[in-house]
Amino acid sequence: MLNKFMMRAAVTAAAFAGTTGAATAEEQHVLMMDYAFFPEVSYLEAGDVVVFENISGETRDVLSNNDTWGFTQIESGTSVTLQITEDMPTKYFSMVQGGAGDTVDEDGNVRVVGTMNFSGAPQIDED
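In short, a report on the structure. If you're wondering where the values come from, they're calculated on a predicted model, not measured in any experiment.

## Some points on the packing of aromatic side chains
Under the counting rule described, the total for this entry stands at 6 aromatic pairs. With a centroid separation of 6.1 Å and 50° between ring planes, the pair formed by Trp-69 and Tyr-92 is classed as tilted. Taken as a pair, Trp-69 in the loop between β5 (60-64) and β6 (70-74) and Tyr-92 in strand β8 (residues 91-97) lie far apart in primary sequence, 23 residues in all. With a relative accessible area of 1%, Tyr-92 lands in the buried category. Among the aromatic residues, ring-to-ring pairing joins Phe-37, Phe-52, Trp-69, Phe-71 and Tyr-92 into one connected group. Looking at Arg-111, its charged tip hangs above the ring of Phe-93, at a distance of 3.8 Å from the centre.

Okay, structure coming up:
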């Protein structure tokens, strides 16, 4: 009886030891809103997964600044998933029709920008 218990404990410990790398990865969600990403800055590490959720009511694209990754024609109410690697660009964007101000291009599109930060989340003082 004790031998079976010890064997189960050893197998369970080995299984947990084999999954510790995957357990540290996190899933982060970024909402694609009308004229913004929320959050605008995501604090990530290699191995994390970002889920871009389009809640804008319009079909949208999200592209990296250097064209190394991107998703096009993301319909409203759907999401896409991006696996984070350590060499990814830190900026991504989406062009949104309409709006006003200095960020509007010649076609009437606003460039909405988001950022991936790989240096860790800021500490919050509790004072």
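## Some words on the sheet that holds strand β1 (residues 27-32)
Pairing between the strands of a sheet is mediated by backbone hydrogen bonds and can be parallel or antiparallel. Spatial ordering of the open sheet is given by β2-β1-β4-β7, a layout of 4 strands whose pairing is mixed. Both outer strands of the open sheet, β2 (37-38) and β7 (79-83), are each paired with one neighbouring strand and no more.

## Brief notes about the nonpolar core
Membership of the largest hydrophobic core comes to 18 residues, with the highest contact counts inside it found for Phe-37, Phe-52, Val-62, Trp-69, Ile-84 and Tyr-92. Counting only elements with at least two residues in this core, the list comes to β1, β4 (49-54), β7, β8 and β9 (109-117). In terms of residues, this core owes the most to one element, β9, which gives 3 residues. Not counting residues within four places of it along the chain, the set of residues in contact with Phe-37 comprises Val-30, Leu-31, Met-32, Val-62, Tyr-92, Phe-93, Ser-94, Val-112, Val-113 and Gly-114.

Basis of the calculations
Residues numbered from 1 in each chain as written. Predicted model: local features only at pLDDT ≥ 70, side-chain atom pairs only at ≥ 80, totals over all residues. Heavy atoms only, no water. Phe/Tyr/Trp six-rings, centres within 6.5 Å; stacked < 30°, edge-to-face > 60°. Helix = DSSP H or I, 4+ residues; strand = E, 2+ residues; numbered from the N terminus. Buried < 20%, exposed > 50% of the residue type's maximum accessible area, 1.4 Å probe, protein only. Lys NZ or Arg CZ within 6 Å of the ring centre and 35° of its normal. Pairing = 2+ DSSP bridges. Core = buried A, V, L, I, M, F, W, Y, C linked by side-chain atoms within 4.5 Å. Contact = heavy atoms within 4.5 Å.

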